[in-house]
Amino acid sequence: MTHTDAGAELDPVHPVPVPARRAHGLSTAEVADRVARGEVNDVPVRSSRSLGEIVRANVFTRFNAIIGVLWLIMLFVAPLQDSLFGYVIIANTGIGIIQEWRAKQTLDSLAVIGEAKPTVRRDGAAVEVSTSAIVLGDLIEIGPGDKVVVDGECVEADGLEIDESLLTGEADPVVKRPGDAVMSGSFVVAGGGAFEATKVGREAYAAQLAEEASRFTLVHSELRTGISTILKYVTWMMIPTAIGLVISQLVVKQHGFKDSIARTVGGIVPMVPEGLVLLTSVAFAIGVIRLGRKQCLVQELPAIEGLARVDTVCLDKTGTLTEGGMDVTELRPLGGADEAYVRKVLGALGESDPRPNASLQAIIAAYPDSEEWRCVESLPFSSARKYSGASFSEGDGEASTWLLGAPDVLLAADDPALAETGRLNEQGLRVLLLARVAGELDDPEVARGARPTALVVLEQRLRPDAARTLRYFAEQDVRAKVISGDNAVSVGAVAGKLGLTGQVVDARQLPAEQEEMAKSLDEGTVFGRVTPQQKRDMVGALQSRGHTVAMTGDGVNDVLALKDADIGVSMGSGSEATRAVAQIVLLDNSFATLPSVVAEGRRVIGNITRVATLFLVKTVYSVLLAVLVVCWRVEYPFLPRHLTLLSTLTIGVPAFFLALAPNTERARPHFVRRVMRYSIPGGVIAAVATFVTYLIARHYYTGKGSLGAETSAATLTLFLISMWVLAIIARPYTWWRITLVASMGAAFVVVLVVPWLQHFFALKLVGVTMPWVAVGIAAVAAVALELVWRLVDRRVPDQ
């Protein structure tokens, strides 16, 4: 089949005449000249933070500065063992840098794999280049799903429709003709064409916006925001408490100036929950690495957290539940139409579209083109229209115009052909109607009076992993909603084959008002004949009812919904526009990867919430102990080495393992409230019990070395209570959790019985009575912890 001859020179694909030089694109020499002049699209690709930014973010923190100053003081006034906390901070910071660097390398390598390569015309040939290789004046070819990567001027257009909603907010596609401007950040929804790059690099309209949106970041996360809120309040508590502690210890100073300074620092250092920030970063980074191994590109790090909070996942049928390809299984002529003639029409329609969708590709494979037919005009497929079309000059000189699309859109509701279509849809088959029309293709009412000629029956290929994935979501209490542009009955049948049951709804019957739509969405499971704008409205309606919504898709009709969803998930083979707006890209196109992403998010969020309690119990009891010491005007009971030992055994080491453990519980909101409801009572009980032991020991021990004995007794009580907090946090128990808790207790026993460790940590239990009193007080505190935490569980609900 050939296209109409017109003008001086025609592009082989598009029927719009263009000047010869522009039609052939730039030459190799012209490209080299523009590169030499710096006229190249040098906008940084979507990537992670640089090594310098990673180092600065991990090293130059508010709490690192506080602890750094205190560490320097301790290096001058106290033995090495009282400066151990400084080395621990250095080690923790190093771990954070290494893990984030590993995550950066994973992200960068995956970004290269998933990067779209625009097609440019150079020396008359179409070649794929990276986005950063485009130069000023390049002729860039675009088709459905392609994102406009630089600003330009339209040179060729064949039914070209561009959606600029991501830039202007206007949802209706804009028809582009030669000479019209195209803006970077928009995307093609129908037709094809080519444009000449007029602005590249940072001069392009959306370049700065895209650069900011694409940058690897840890912000916009409830978890990170909650931790920042906690740290802000901790800072305000620390300042007056530390000042009071410094003054009181210098006034008391019965054991010398240096010892008073050491005990003052020992009181300030544990107030800082520095490991909590580190552990959060490490957990996120390890999550990125784990998902990277499964060919899952996390374009925005908080997406791991977001997907963990999802309670509703909206699935596009095509490309998600079904594979992209289709097969023509049957051709049913209608009204006595000649099947041989119908085959010629279908072959010509297939050839008329330079960028056929999956349905048309199946038709092209089944019906070869008829050489004597000539395409006069074409109308590309649009998700909003639900049909495509073309006008032909047939071999015998006859002219005809045809539409190919959804039967229930092209035909009247009482047309008898719809009954046959319905029976086929109930079997999960996709049906297209071939209809002849009398009007012009550019007439908005072209489908009026369409004469049905044939039904084309297509069979979709189900993804082998789809049923298993849907079962996973059901088990995890995540509701699945199938949202498709196809016939509702057909989509319902496909969902049924995969084990997804529920009410099937034709989206054309959905109410437009958001509250009513949300009610219908809660009741229904499968929605067909959904327009792109409706997909967006449906996401908004679900969110209006408090749902956290994830949207999956791979076509241009999914872009608006992907952008508005809490989490957008795109297939790697999807259109460039969907990959650009999605937070997560499944590079191997495997829907089965999605449970891994959900599980990874739940692991990170659930475990950070769990271990945050450990860190903040320490902060609470440290602040309260300092206040009690100031009020009683006594020496602070601990040296930095004591609290370094306790923090390592009851928080640092256990928290690292607990943060990386499996966790399938769906993340709940109100992170700060959920953490503090345990941390505050736990910290208060630990501080009061420890201080009571300390005061009793002060009356029990007298003479030289009494302070060391008092400290050892108080340390024993605090360790046992901290171990009980750890034991509560580690529930439900598994063999490795029990081993973890037991090994931490055994390590402390080793410190108490090995002479050189006793000396190194200044811990030696004196006598029998006082150590057993310390154990008894700790046991009472443990019972109080159990009672209070159970009371909190009943009185302060999770939600």
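See the structure shown above.
What counts as what
- Residues numbered from 1 in each chain as written.
- Predicted model: local features only at pLDDT ≥ 70, side-chain atom pairs only at ≥ 80, totals over all residues.
- Heavy atoms only, no water.
- Phe/Tyr/Trp six-rings, centres within 6.5 Å; stacked < 30°, edge-to-face > 60°.
- Helix = DSSP H or I, 4+ residues; strand = E, 2+ residues; numbered from the N terminus.
- Buried < 20%, exposed > 50% of the residue type's maximum accessible area, 1.4 Å probe, protein only.
- Axes fitted to C-alpha atoms, helices over the stretch in contact; angles between N-to-C directions.
- Parallel < 35°, antiparallel > 145°, perpendicular 65-115°, else oblique.
- Contact = heavy atoms within 4.5 Å.
- Nonpolar A, V, L, I, M, F, W, Y, C, P; charged D, E, K, R; others polar.
- Polar contact = N/O pair within 3.5 Å; in protein donor to acceptor, adjacent residues only side chain to side chain.
- Patch = residues over 30% accessible without salt bridge, like charges linked within 9 Å, V, L, I, M, F, W, Y side chains within 5 Å.
- Areas by Shrake-Rupley, 256 points an atom, 1.4 Å probe, with all protein chains shown as cover.
- Salt bridge = Lys/Arg side-chain N within 4 Å of Asp/Glu carboxyl O.
- Arc of directions from axis to C-beta.
- Left-handed = near helix turned anticlockwise from the far one by under 90°.
- Core = buried A, V, L, I, M, F, W, Y, C linked by side-chain atoms within 4.5 Å.

A. Just the packing of aromatic side chains, in detail. Inspection of every chain in the model, using the stated rule, returns 13 aromatic pairs. Look at Tyr341 and Trp373: their rings are 5.8 Å apart centre to centre, the planes differ by 50°, and that puts the pair in the tilted class. Residue Tyr341 is found in helix 12 (residues 339–352), and its partner Trp373 is found in the loop between helix 13 (358–366) and strand 12 (374–382); the two are separated by 32 residues along the sequence. Here Tyr341 falls in the partly exposed class, since its relative accessible area comes to 24%. Look at Trp373 and you get buried, because its relative accessible area is 3%. Each ring, one from Phe760 and one from Phe761, has its centre 5.1 Å from the other, and the planes form 80°; the classification is edge-to-face. A residue is classified by how much of its surface remains accessible, and Phe761, at 11% relative accessible area, is buried. Feature note: the residues Tyr341, Trp373, Phe392 and Trp402 constitute an aromatic cluster, connected by ring pairs.

B. Region of the structure containing the packing of helix 22 (residues 594–632) against helix 23 (residues 640–659). Following both chains from N to C, one finds helix 22 and helix 23 inclined at 175°, their axes separated by 9 Å at the closest point. Classified by the interaxial angle, the pair formed by helix 22 and helix 23 is roughly antiparallel. Two secondary-structure elements touch here, helix 22 through Arg603, Asn607, Val611, Leu614, Phe615 and Lys618 and helix 23 through Ser647, Thr650, Ile651, Ala655, Leu658 and Ala659. Split by residue class, the contact of helix 22 with helix 23 holds seven nonpolar, three polar and two charged.

C. Representation of the side chain of Thr93 within the structure. Looking at where Thr93 falls in the secondary structure, it is placed in helix 5 (residues 84–114). Using a relative accessible area of 12% as the deciding quantity, one classes Thr93 as buried. Here Asn64 takes part through its side chain, which lies 3.5 Å from a polar atom of the side chain of Thr93. Residues in contact with Thr93, not counting those within four places in the same chain, are Asn58, Val59, Asn64 and Leu278.

D. Broad picture of a nonpolar patch on the surface. Nonpolar side chains collect at one region of the surface, where Leu72, Leu75, Phe76, Leu80, Tyr87 and Ile90 lie side by side and expose about 630 Å² of accessible area between them. Going through the elements one at a time, helix 4 (62–77) and helix 5 are the ones with two or more residues in the nonpolar patch. Take the nonpolar patch: its biggest share by element is three residues, from helix 4. Here Leu72 lies in helix 4. Exposure remark for Leu72: the relative accessible area of 48% places this residue in the partly exposed category.

E. Spotlight on helix 18 (residues 514–523). Buried residues of helix 18: Met517, Ala518 and Leu521, and no others. Seen from one end, helix 18 has its buried residues packed into an arc of 100°, which puts them on one side. Summarising the contacts, the buried residues of helix 18 are in contact with strand 17 (479–483), strand 19 (524–528) and helix 19 (532–544). N-cap assignment for helix 18: the residue whose side-chain oxygen lies 3.2 Å from the backbone N of Glu515 is Glu513.

F. How the structure looks around the packing of helix 8 (residues 222–252) against helix 9 (residues 257–268). Viewed as axis vectors pointing N to C, helix 8 and helix 9 meet at an angle of 160°, and their least axial separation amounts to 9 Å. The angle between the axes of helix 8 and helix 9 places the two elements in the roughly antiparallel class. In this structure, helix 8 crosses over helix 9, and the sense of that crossing is right-handed. In this structure, helix 8 uses Met238, Ala242, Leu245, Val246, Gln249 and Leu250 to contact helix 9, whose residues at the interface are Phe257, Ser260, Ile261, Arg263, Thr264, Gly267 and Ile268.

G. View of the nonpolar core. Core analysis: the largest hydrophobic core is formed by 131 residues, its most contacted members being Leu307, Ile584 and Phe748. When residues of this core are assigned to their parent elements, the largest contribution, 18 residues, is made by helix 22. Not counting residues up to four positions away in its chain, the partners in contact with Ile584 are Cys296, Leu297, Ala303, Leu307, Ile567, Gly568, Val569, Ser570 and Val597. Membership of the second largest hydrophobic core comes to 24 residues, among which are Ile483, Ala518, Ala541 and Val581.

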